[in-house]
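# Results of the structural survey
Take a look at the letters that make up each chain.
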Amino acid sequence: MERAAAGRRPAPSDRVRVAVRVRPFSQREKNSGSKCVISMHSRTTTIIQDPKNAARVNTFTFDLAYWSHSGFQKDEEDVLVPAGPTSQFAGQAKVFHDIGRGILDNAWQGYNATLLAYGQTGSGKSYSMMGLGANKGLIPRVCQELFRAMENGEEHREYQVAVSMLEIYNEQIRDLLAGGAPPGGGLRVREAPERGFHVEGLTWVPCGSYEHLARLLARGTRARTTASTRMNAHSSRSHLLVTVQLKQVSLRTALTTQAAINLVDLAGSERQRGAGSAGDRLREGARVNLSLASLGAVISALADAALGKKVWHIPYRASVLTKLLRSALGGNSRTTLIATISPADVCYAETLSTLRYAERAKRVRNSAVVNTWTPAREPGARGEPLPCACGHAADPPAWLPGPRAWAALLEQARREWEQQGAAEAQERQLVETLPHLLNVNEDPQLTGVLKHFIREGSCDAGQAAGNAILLQGLGISDKHASFTNLDGKVTVAPHRKSKVVVNGVPITTRTQLQHLDRVILGSNSTYLYVGFPSERGREDGLRFDYDFFQLERAAAEGVSADWLGAGSGGAGRADPSVLAAAQDYVKLTPLVAEANQMSQDLEKGLHLELKVKNLASSDSRGFQLQKEVMVKVTHQRTREVWIWSKAKFVHRKFLMEELYQRLLDGEAGPEAREDDPFWDPVEAVHVGAAHVWLQALAHRLGLEEQVELLGCEGLEEAVLHVRVTPCCPAGRARGEEDAAADPGDLLGGRMDFQVHLVRCLGVRWMKEGAKRGIQLGYRIYDLPNTLYTKPAWENVNPQIEETVQFAALHVSQEFLNYLQTNALIVDLWGLQEGCAELGCSQLDLPVTAEGHIMVDTKKLPSVKDSSQNTSSQTSELYQKLFKLEREAELLRNINRALREENVILKESLEKTGLHPQALEPSRAQKMPGSTTRLPSASERSPQCGQEAPCAPELARALKAFYRSASAARAQWLRLRQQKPPEDDQMLRPFLHLQSQMLKDFGDLFESSLWKLKNDVALIVKKKREHSLHVTQ
Ligand SMILES: Nc1ncnc2c1ncn2[C@@H]1O[C@H](COP(=O)(O)OP(=O)(O)OP(=O)(O)O)[C@@H](O)[C@H]1O
Ligand SMILES: [Mg+2]
């Protein structure tokens, strides 16, 4: 073969062309009120704005920028087209016009051409590449145009087209056009001196028409769908590579030109940055994301090289994908990258990262050459490997065979295609006449590809080969369910304990199906039931997409934004962070079900449960904490518990899938426990938290309470007995006579107090596991570290008895504000056998000369600072609480005014020269109800018991008031956590209970306030009488 001898013309260095495309909002994004952070002001610039900081704007310039976000409408064929002459909207036709035609032009000239779609999951890669429904993407359009041009081509030219389609998942190559079961472990990549890297044994199908090629694409999509039935998110984690070989032979000169068109739909880019960075002990698995990470590394290295940096090594060999794309990046290809992005604010970080990636990619330079030669002999005649119409007998064609061999192959492929066509026609007829199940996939491209017909009579469905309906998927039993089609009715019944969910609700008995019912089998195999033709109306099943199934299931389980307390903000918009948590919950529910199934199949003994962190928890001021989805993992035998963050779970799930796949392929599992994604060393688990309100301390009054330690769902985990006692520096407790009626009196002075954690009662964590322990932890005001108590093991009512003394040397206004509006949060941590105890180094803490821990050492932002306020919404009740507190403040002011009045009276008395002895502070202090002026904080002696007291009656009144205020606050928090029942029947009792609790709350407050007012009025009366008595 004199390949390239005749005309391998080196072309000037080509830069990778980069286009960016922004898609419309998804329904999910619309529902959560997403904002668009992308703008495009020209055909080349893309601007992205940080949703948290409007001033932070990044501008990127690429070869092309497509605005596909807005300004469109559907034409009569459901194709999205610009809504008017001024619309910027770029539909599929426009993208093909710019990019697709360029690829074809290159291929016609004999240049290899590659198109890569890169972007996060759901950003529109597959939409751009394959398209959806009537909106055909680049792959079908390029293929269609290729054949159209061939039909109108030169007379003395012969064309040959062969196509291959493969998927790379976890570094395994799956041939999507090969019939039969894929070989275990997938196909191999080989390297040959002349051909470079190629896939050994890949099926190449000769195509004589676009219709044939389109059917091959459909066959490949079907193969992908079958593979993805096991794990729904499979397709977004795999790379799809469609290659079209185009050979042109001039019948006059025998000059042959050949080009490979590689069309690549990459896996979701978020997998490239390992979730391992989310603090997981386990790094990415050996194969997980390797291809995407290596692609990033290759692009970076090539971009650096283009900038003139010294690059020693381009890591092409690191992964399957980079081996296969070797010529596309830095080699013999003209390459275009289309970066697809989401417009939504929540995707900002990922979108920015995609744009930066694209920015690097545009620096990469290739050296494409025209692949042309004059064959001395026909390759097929020389025993060169030939492409094969079916099966996987042949090596890939480095070039396509000569005309004779080609004609035979084409004929064979055509016969196959006709057979396939007949089967498809038969299926279409069945679709028209029989009720059936249609698969619904997370990837809309794969939805509706699989059809299971329910023929008359009864039939079984399951994994086992003997079933009439053969199902695959996690949690599908050998014999999973039975369907009947009798008397114009279709029913389904689960077999034994198999999971069958109809319209979101699990069923246990035979249930009749209605047209467009949603059926979930096993952990997450989702199907839409299409009824008898007579039932089918005009409504199609399009609105029942994958999200619909998951939302419906979540709603049936009582999960919604309302359940999370999203409520409605001022502008009628629910709290976006709560909506985000609710969406995460819905999205993760099927993944957790899949993880549980894998745990069960692999006998790992783990049970995973989705939880909402802070579902019913509030911060130190009673505001709701930001909600986050987390996963509680329990070992069913050992009762060990782990809490995984969402990121960790997603990462682990990915590793689990890799392990599961390996075991299915008959490969060995991880040898070391340390590498097992189902295992983790045990650690302390956060069990609950208690609020200890500190207002009394602002008056230098002690408090002793039994408070509930509530779990994240608002359930009582234990009761904490706690005492907070103001004391003198030496540690002796102060009495009521030392109380400050006005917290302002403490300003600038020294304040010592002790926190005494006495004991815990009824610790549920201990009840549930014999070999467990607990520790309590808290952090007061500006302490840099959390203080932990010593662990207490194996006791449901552990005695803690730990006291720490704190000292504020110069009490600041901020500290007083903190005491009046904040609670001390005491966290309950669950310890398990073998886990490390929690501790902090007290050495880091500032201490007084007496060795007490200092607080109020730095000026903190005022309590009015809303930056810490994780939830801006304050409920009506909470405002009422503040109102009541303001009333208490008013009463304090009355007291202050009385004291001033007292001073005036004293002065007038001094003027008249009467009863001077009555004005001596030492005597006045001893007299209850004395109207004598209280000394200011600066006048006080630091000695315990010698500071000027306020009236003890007032102190007692305040103490009683704050005790009942604390009880009312707890009542209020409980009230806030009440969620309406799902069951309408229960609504009435719920409302009754709610109104009773509200009434109790109101009564408690009214009575405590009434008592305080009375007490103060009494004190005022006494003072008046006393001063009158003194005046006389
Ligand atoms: N330009 C667009 N115009 C209209 N709809 C779009 C566009 N791009 C994407 N979509 C829609 O957005 C959704 C997600 O798109 P798509 O499936 O192409 O994402 P993807 O990037 O391939 O995700 P994955 O990585 O999970 O495969 C689909 O419902 C698709 O129809
Ligand atoms: Mg996709």
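Residues numbered from 1 in each chain as written. Chains lettered and ligands numbered in written order. Predicted model: local features only at pLDDT ≥ 70, side-chain atom pairs only at ≥ 80, totals over all residues. Heavy atoms only, no water.

### A word on the overall build of the chain
The secondary structure content of the chain amounts to 19 helices and 45 strands. Counting the 1032 residues in the chain, one finds 54% classified as buried. Total accessible area on the chain is roughly 45900 Å²; 51% of this is exposed by carbon and sulfur atoms. (Helix = DSSP H or I, 4+ residues; strand = E, 2+ residues; numbered from the N terminus. Buried < 20%, exposed > 50% of the residue type's maximum accessible area, 1.4 Å probe, protein only. Areas by Shrake-Rupley, 256 points an atom, 1.4 Å probe, with all protein chains shown as cover.)

### Concerning the sheet that holds strand E35 (residues 641-645)
Pairing between the strands of a sheet comes from backbone hydrogen bonds, and it takes one of two forms, parallel or antiparallel. Here we have three strands laid out as an open sheet, ordered E33-E34-E35, and antiparallel in their pairing. Each edge of the open sheet carries a strand with a single partner, namely strand E33 (606-613) and E35. Each strand of the sheet is rotated relative to its neighbour by a mean of 25 degrees, with strand direction disregarded. Two elements, E33 and strand E34 (residues 628-635), share eight bridges in a ladder whose sense is antiparallel. By the bridge assignment for E34, His607 is matched with Thr634. Running over the sheet, helix H12 (residues 646-664) touches E33, E34 and E35 and is turned about 100 degrees from E35. (Pairing = 2+ DSSP bridges. Axes fitted to C-alpha atoms, helices over the stretch in contact; angles between N-to-C directions. Contact = heavy atoms within 4.5 Å.)

### Brief notes about the packing of aromatic side chains
Taken as a whole, this structure holds eleven aromatic pairs when the rule is applied. Note on Trp108 and Tyr159: the rings are 5.7 Å apart at their centroids and 80 degrees apart in plane angle, and the pair reads as edge-to-face. Here Tyr159 lies in strand E12 (residues 157-169) and Trp108 lies in helix H2 (residues 92-109), a separation of 51 residues in the sequence. For Trp108, a relative accessible area of 22% corresponds to the partly exposed category. For Tyr159, a relative accessible area of 18% gives the class buried. With centroids separated by 6.2 Å and ring planes inclined at 70 degrees, the aromatic side chains of Tyr778 and Phe806 adopt a geometry described as edge-to-face. Of this pair, Tyr778 sits in strand E40 (residues 772-778) while Phe806 sits in strand E43 (residues 799-808), and the two are 28 residues apart along the sequence. An aromatic cluster is defined as three or more aromatic residues linked by ring pairs; in this entry it consists of Phe753, Tyr778, Tyr781, Phe806, Phe815 and Tyr818. (Phe/Tyr/Trp six-rings, centres within 6.5 Å; stacked < 30°, edge-to-face > 60°.)

### Quick word on the sheet that holds strand E28 (residues 500-502)
Judged by pairing direction, the sheet is antiparallel, and its six strands sit side by side in the order E23-E22-E32-E31-E28-E29 without closing on themselves. Strands with a single pairing partner mark the edges of an open sheet, and in this sheet they are strand E23 (451-453) and strand E29 (505-506). In the packing of helix H10 (residues 546-556) onto the sheet, contacts are made with E28, E29, strand E31 (518-521) and strand E32 (525-530), and the angle to E31 comes to roughly 80 degrees.

### Things to note about the site of ligand 1
Taken together, the neighbourhood of ligand 1 is formed by 17 residues, with Gly122, Lys125, Ser126, Tyr127 and Ser236 sitting nearest. A distance of 3.0 Å is found between an oxygen atom of ligand 1 and a backbone nitrogen or oxygen belonging to Gly124. Side-chain polar atom of Lys125 to an oxygen atom of ligand 1: 2.6 Å apart, as the coordinates give it. In isolation ligand 1 exposes 630 Å². Once the protein is present, 83% of that is buried. (Near = heavy atom within 4 Å. Polar contact = N/O pair within 3.5 Å; in protein donor to acceptor, adjacent residues only side chain to side chain.)

### Regarding the pattern of salt bridges
Overall, the coordinates contain 39 salt bridges when judged by the stated rule. For Asp738, the salt bridge identified is with Arg734, shortest N-O distance 3.4 Å. Assessed through its relative accessible area of 11%, Arg734 is described here as buried. One network of salt bridges, in which partners are shared, links Arg237, Glu594, Lys653 and Glu657. (Salt bridge = Lys/Arg side-chain N within 4 Å of Asp/Glu carboxyl O.)

### Considering H10
Listed as buried for H10 are Tyr546, Phe549, Gln550, Glu552, Arg553 and Ala554. Just downstream of H10, Gly558 is the residue with a positive phi angle, here 85 degrees.

### Here we look at the nonpolar core
Core analysis: the largest hydrophobic core is formed by 68 residues, its most contacted members being Leu720, Phe753, Ile780, Phe806 and Phe815. Ignoring any residue separated from it by four or fewer positions in sequence, one finds Phe815 in contact with Met751, Phe753, Tyr781, Ala808, Val855 and Asp856. The next biggest cluster of nonpolar side chains, apart from the first, holds 51 residues, and it includes Val18, Ile38, Ile173 and Leu337. (Core = buried A, V, L, I, M, F, W, Y, C linked by side-chain atoms within 4.5 Å.)

### Re the confidence of the model for the chain
Summing up the model confidence of the chain, the mean pLDDT is 81 and the portion of residues at 70 or higher is 79%. Here residues 377-398 scores under 50 on pLDDT; set against residues more than four positions off or in separate chains, the count is 63 contacts. Counting contacts from residues 945-949, a segment whose pLDDT is below 50, to residues more than four positions away or on other chains yields 18 contacts. (pLDDT = per-residue confidence, 0-100.)

### Comments concerning the environment of Glu154
Structurally, Glu154 is set in the loop between helix H4 (138-151) and E12. With 96 residues separating them along the chain, Glu154 and Ser250 place their C-alpha atoms 9.2 Å apart.

### A closer look at the pairing of strand E4 (residues 45-50)
E4 sits mainly inside the fold: five of its six residues count as buried. Hairpin connection from strand E3 (residues 38-39) to E4: five residues lie between these consecutive antiparallel strands. Judged from the six bridges that link them, E4 and strand E5 (residues 53-61) form a sheet pairing that is antiparallel. Note that in E5 the partner of Asp50 across the bridge is Asn53. Between E4 and E5, which pair antiparallel one after the other, the connecting turn spans two residues.

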